[in-house]
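# What the coordinates show
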Amino acid sequence: EECAGAPPQVDLDKKVYKKVQGLDKMLACGEVPSLKGCKKLVVKGKVVLEAGTTFKGEVSVVNPTDEWRTLKAGTYSDETVNLDAEEVDKKGEEELKEMVKKLQVESK
């Protein structure tokens, strides 16, 4: 679905992308994402876009951490992508390992 000649609404996090360095970091792969068929793109937080990224419809990309996170190449359509989700899984895994260690120590 084309956007009927109307450009997409792009809302970038002002704290991160107000300066050119932020945009340079976001587009470090050297390729601007495809916005063909995109109505609205919202980027909150420090996000690096991989080459080959396409946005369609209304997409939000959210990184609640203070570190730069990479959005993997692919097509994102009418969705919200939370780049913190992977870290939460890793953190949960680490906590689980610590609990197992404690249990093993206590049971000896």
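Predicted model, so just to flag it, every value in this text is computed and none were measured. (Residues numbered from 1 in each chain as written. Predicted model: local features only at pLDDT ≥ 70, side-chain atom pairs only at ≥ 80, totals over all residues. Heavy atoms only, no water.)

A few words on the nonpolar core. Among soluble globular proteins, nonpolar side chains are generally buried collectively. Formed by 15 residues in total, the largest nonpolar core has its most connected members in V47, F55, V61 and L71. The set of elements that each furnish at least two residues to this core consists of α1 (14-17), β2 (38-44), β3 (47-49) and β4 (53-62). Excluding its chain neighbours within four sequence positions, the residues that come into contact with F55 are P33, S34, L35, K36, G37, C38, L41, L49, V61, L71 and Y76. (Core = buried A, V, L, I, M, F, W, Y, C linked by side-chain atoms within 4.5 Å. Buried < 20%, exposed > 50% of the residue type's maximum accessible area, 1.4 Å probe, protein only. Helix = DSSP H or I, 4+ residues; strand = E, 2+ residues; numbered from the N terminus. Contact = heavy atoms within 4.5 Å.)

So, on to the pattern of salt bridges. Under the definition given, this model contains three salt bridges. K72 is the salt-bridge partner of E50, the closest N and O atoms lying 4.0 Å from each other. Taken together, the residues E50 in the loop between β3 and β4 and K72 in the loop between β5 (69-71) and β6 (74-77) connect sequence positions 22 residues apart. Among the ionic pairs, D84 bridges to R69, the shortest N-O distance being 3.8 Å. (Salt bridge = Lys/Arg side-chain N within 4 Å of Asp/Glu carboxyl O.)

Relative to the elements of secondary structure, N63 occurs in the loop between β4 and β5. N63 gets classed as buried once you look at its relative accessible area, which sits at 4%. Within polar-contact distance, the side chain of N63 engages the backbone oxygen of K46 at 2.7 Å. Here T65 takes part through its side chain, which lies 2.7 Å from a polar atom of the side chain of N63. The contacts of N63, once residues within four sequence positions are left out, are K44, G45, K46, V47, W68, R69 and L83. (Polar contact = N/O pair within 3.5 Å; in protein donor to acceptor, adjacent residues only side chain to side chain.)

This next bit is on the environment of A6. By the secondary structure assignment, A6 is in the segment before β1 (9-12). Placed 31 residues apart in sequence, A6 and G37 show a C-alpha to C-alpha distance of 9.8 Å.

The next thing to look at is the environment of A51. Secondary-structure assignment places A51 in the loop between β3 and β4. Relative accessible area serves as the criterion here: at 36%, A51 is assigned to the partly exposed category. Put simply, A51 and V32 are 19 residues apart on the chain and 7.5 Å apart in space, counted from C-alpha to C-alpha.

A separate point is unusual backbone geometry. Phi at D78 takes a positive value of approximately 45 degrees, unusual for a residue other than glycine. Take D78: it is sitting in the loop between β6 and β7 (80-82). Judged by its relative accessible area of 54%, D78 falls in the exposed class.

Keep in mind these numbers describe shape, not what the thing actually does.
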